[in-house]
Amino acid sequence: MSASPSRQRGEFARAELEKELLHDYSTSDTGIVPLSERRSLYHFLALWITLAAGFTYLFLGFQYHDAGYSLAKAIGAGALGGFFYLCYALPAAYLGSKTGQTHSLLTRSIFGQVGSAIVSLLLIGTAAGWIAFAFNLLAVMYDGLFGWGHVVGIGVILAVVGVFNNLFGFTGITAFARYLVAPLMILWMLYLVIKGFADIPGEALSASPPGGELGPLSFLSGIGLAIGAVMWGNEPDTWRYGKPRFLWPLAPYAIALGIGLVLFVIGGWMMAEISGAGPFDFGPAFKSTVEYSLFGALLLGAVVATVMQIAINDGNYYEMTNGGQNIVGHVHGWKRWYTCLVTAAVAAVVTWWFPHIENGFFKVAGWTAIALPSATVVMCVDQFLLPRWLGLHRSVERIPEWRAAATGNWPGIVAVLLAVLFGAWGLALFPGQTSAPSLGLVPVEAWLLAAVLYLILVAAVRPMPNAKALLGFARHLRQTAGPAPPS
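This is a predicted model, so every value here is computed, not measured.

1. Overview of the overall build of the chain
Right, on to step 1. Check the secondary structure of the chain and you find 19 helices and 0 strands.
Right, on to step 2. Each of the 487 residues in the chain was classed as buried or not, and the buried ones make up 58%.
Right, on to step 3. The contacts in the chain between residues at least 6 apart in sequence include a share of 84% that link residues at least 24 apart.
Right, on to step 4. For the chain, the computed accessible surface area is about 18,100 Å², with 69% contributed by carbon and sulfur atoms.

2. Re the packing of aromatic side chains
Right, on to step 1. Going through the model one piece at a time under the given rule, you end up with 30 aromatic pairs.
Right, on to step 2. Ring plane angle 40 degrees and centroid distance 5.4 Å describe the contact between Y88 and W447, whose orientation is recorded as tilted. Of this pair, Y88 sits in helix α5 (residues 71-99) while W447 sits in helix α18 (residues 442-461); the two residues are 359 residues apart in sequence, bridging distant segments of the chain. By the burial criterion, Y88 is buried, and W447 matches it.
Right, on to step 3. The lysine or arginine in question, K73, covers the ring of Y69, its NZ or CZ lying 4.4 Å from the ring centre.
Right, on to step 4. The residue whose ring lies beneath R394 is F473, and the NZ or CZ to ring-centre distance is 4.5 Å.

3. Structural notes on the packing of helix α6 (residues 103-146) against helix α14 (residues 298-328)
Right, on to step 1. The geometry of α6 relative to α14 is characterised by a closest axis approach of 7 Å and an angle of 165 degrees between their N-to-C directions. Viewed along their axes, α6 and α14 adopt a mutual orientation that is roughly antiparallel. Here α6 runs over α14; the crossing is left-handed.
Right, on to step 2. Here the residues of the contact of α6 with α14 sort into 24 nonpolar, 14 polar and 2 charged.

4. Things to note about the pattern of salt bridges
Right, on to step 1. Within this structure, the stated rule accounts for 3 salt bridges.
Right, on to step 2. Between R394 and D382 there is a salt bridge; the shortest N-O distance is 2.9 Å. Of the two residues, R394 sits in the loop between α16 (357-389) and α17 (410-426) while D382 sits in helix α16, which places them 12 residues apart along the sequence.
Right, on to step 3. For R403, the salt bridge is made with E401, and the minimal N-O distance between the two is 2.8 Å.
Right, on to step 4. Classification of E401 as partly exposed rests on a relative accessible area of 32%.

5. Remarks on helix α4 (residues 55-66)
Right, on to step 1. Given a rise of 1.5 Å per residue, 12 residues ought to cover 16 Å, and the 16 Å separating the end C-alpha atoms of α4 matches this to within 8%.
Right, on to step 2. The buried count for α4 comes to 12 of 12 residues, which makes it a mostly enclosed element.
Right, on to step 3. All of the buried residues along α4 are F55, T56, Y57, L58, F59, L60, G61, F62, Q63, Y64, H65 and D66.
Right, on to step 4. Just downstream of α4, G68 is the residue with a positive phi angle, here 90 degrees.

6. Considerations on the environment of N313
Right, on to step 1. Position of N313 among the secondary structure elements: in helix α14.
Right, on to step 2. Accessibility expressed as a relative area gives 0% for N313, which makes it buried.
Right, on to step 3. On a C-alpha basis, the gap between N313 and A132 in space is 9.8 Å, while along the polypeptide they are 181 residues apart.
Right, on to step 4. Those residues in contact with N313, other than ones at most four positions away along the chain, are W130, I131, A134 and F135.

7. Some points on α6
Right, on to step 1. Here α6 is 44 residues long, yet its end C-alpha atoms lie only 41 Å apart, well below the 64 Å a rise of 1.5 Å per residue gives.
Right, on to step 2. At F111, α6 shows its maximal kink, close to 135 degrees.
Right, on to step 3. Trailing α6 by a residue or two, G147 shows a phi angle of about 65 degrees, which is positive.

8. Let's talk about the nonpolar core
Right, on to step 1. In this structure, W48, F55 and Y85 are the most contacted members of the largest nonpolar core, which totals 140 residues.
Right, on to step 2. Setting aside chain neighbours within four positions, we find F55 in contact with L137, M141, W188, F282, F286, A305, M308 and Q309.

9. Remarks on the side chain of H65
Right, on to step 1. Structurally, the position occupied by H65 is in helix α4.
Right, on to step 2. By relative accessible area, H65 is classed as buried at 7%.
Right, on to step 3. Sequence-distant contacts of H65, defined by excluding residues within four places in its chain, comprise P209, P210, W269, A272 and E273.

10. Things to note about the confidence of the model for the chain
Right, on to step 1. Put simply, the chain has an average pLDDT of 84, and 86% of its residues get 70 or more.
Right, on to step 2. Note that residues 1-23 has pLDDT below 50 and, in this model, 48 contacts with residues that lie over four places away or in other chains.
Right, on to step 3. When the criterion is pLDDT under 50, residues 481-487 qualifies, and its contacts beyond four places in sequence or with other chains add up to 16 contacts.

11. With respect to unusual backbone geometry
Right, on to step 1. In this structure, F295 is a non-glycine residue whose phi angle is positive, near 60 degrees.
Right, on to step 2. Here F295 lies in the loop between α13 (282-293) and α14.
Right, on to step 3. The class for F295 is exposed, based on a relative accessible area of 68%.
Right, on to step 4. Of note in the backbone geometry, A428 takes a positive phi value of approximately 60 degrees without being a glycine.
Right, on to step 5. Residue position: A428 is located in the loop between α17 and α18.
Right, on to step 6. Judged by relative accessible area, A428 falls into the buried class, the value being 14%.

Definitions and cut-offs
Sequence order sets the numbering: in each chain, residues are counted from 1 along the sequence as written. Local features in this predicted model are restricted to residues of pLDDT 70 or higher, and side-chain atom pairs are both shown and tallied only at a pLDDT of 80 or more, whereas totals for entire chains, interfaces and linings draw on every residue. To obtain the side-chain values, all non-hydrogen atoms of the structure were used and water was disregarded. Each helix is a run of H or I in the DSSP string that is no shorter than four residues. Each strand is a run of E no shorter than two, and both are numbered from the N terminus. Buried means the residue's accessible area, taken with a 1.4 Å probe over protein chains only, is under 20% of the maximum for its type, while exposed means over 50%, and partly exposed covers the values in between. Note on definitions: a residue-residue contact is assigned when non-hydrogen atoms from the two residues lie within 4.5 Å. With residues, only the protein chains shown are counted as cover, and all accessible areas are computed by Shrake-Rupley using a 1.4 Å probe. We call Phe, Tyr and Trp rings a pair once their centres come within 6.5 Å, taking the six-membered ring for Trp, and we label the pair stacked below 30 degrees between planes, edge-to-face above 60, and tilted otherwise. Here, a charge over a ring is recorded when the distance from Lys NZ or Arg CZ to the ring centre is within 6 Å and its angle to the ring normal is within 35 degrees. Axis lines are fitted to C-alpha atoms, over the contacting stretch for helices. Their N-to-C directions set the angle, which ranges from 0 to 180 degrees. Working rule for angles: under 35 degrees goes down as roughly parallel, over 145 as roughly antiparallel, 65 to 115 as roughly perpendicular, anything else as oblique. For any helix crossing, the convention is left-handed if the near helix is rotated counterclockwise from the far helix by under a right angle, and right-handed if that rotation is clockwise. All residues other than Ala, Val, Leu, Ile, Met, Phe, Trp, Tyr, Cys, Pro, Asp, Glu, Lys and Arg, Gly among them, are scored as polar; the first ten of these are nonpolar and the last four charged. The term salt bridge refers to a pairing of a side-chain nitrogen on Lys or Arg with a carboxyl oxygen on Asp or Glu at a separation within 4 Å. An expected span of 1.5 Å times one less than the residue number is assigned to each helix. What the bend at a residue measures is the angle between two axes, fitted to the seven residues ending there and to the seven starting there. In this text, buried Ala, Val, Leu, Ile, Met, Phe, Trp, Tyr and Cys residues form a nonpolar core when linked through side-chain atoms within 4.5 Å. How sure the predictor is of each residue is captured by pLDDT, a score from 0 to 100.

Here's what the structure looks like:
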């Protein structure tokens, strides 16, 4: 059912904001979003336009140009990355809307204590990495516009203050996205791209620019980079507020991906072409772009950049906060805004520790493409395929407290860890690894590996007398649900 008109009108009322300041349906006591609290499709359209568009995608197009991609090749890599992400994202979103739970709370029911802690830490780590990249990138843009310097210090300050909207939960991040960010993003990029097509010679648009300063980037690697750039991995966190229908998110996803991985990729490619900047000169390239497409209004460029980066990082803070709530939200007297403050501190430390934006982008995008999605794929297999294929149903309607959760779903944990290790090896993410093997489209292969391994391991464990414990069924389910020995 959809939210009532009175629910929508009262969405930003003081009582509503105070309620979400306290819990935002992110603990075992208040962890399932009721159907009466579900939001309209417009919420998600505005939110995902914001989350799937911004300077991250301009930077992606910029890197494509400096890797020697023609404009057509850059568009193709971005669009295919969006397609493969959509193949993953639709079932991931349905998992959230069907259960009404955050990604982290679902891991407690499906992966048990050990698996839930591992996945929550992965969630916090990847989100903190994106925050570090985004705010260091914003500091680089400030430096390009005004020559301020102090990139790392400014980035750390931004990482601390950027958590503010998350104090008000899902309402906080959707309000900022809907009314302030999306129109600015789209109008500016449309003007830049239209002006670029008019001014850049046709031969330059069709040719492959000289590139390769950062090393070769194959077309499949470029698609994988787009997947990592747009990937969240915790899609249930936002879509738990949506209607529980599989194709309901399709329109917001498609529109947002078209804007982020096509329009903004074109804009980033044109930034590099117009400015003539190299891969390490995004700040000067941004200044050149502001002079070209924002009439030289440097202050306006800074405002637009700040608004966009804060808005898109609302999603990263939301991801971190929900992961933290899964771990500590059950503590007596603990409030959600305490977790927000802790996540801001963690983000500041990572921003200080991880300042190099080019290396940071490739590393964070790589880990994001494989880590959380592998866990989400296993959860989708658990909830949607195991009941049909192996007759195994795990109820998640009651969220177990930590002490009532199983120790671990060992087949699920093994499947995720092996898939992540394979993906990290395939993307050359290990410390000291200097080259990646030619394995194809590594992120998608990692997801499939996680799914297949989980199915095989569950089928092997199912006949065992202690199968329920090994599969991580919560203690309250072991007497009433679980696998039956095969006849």
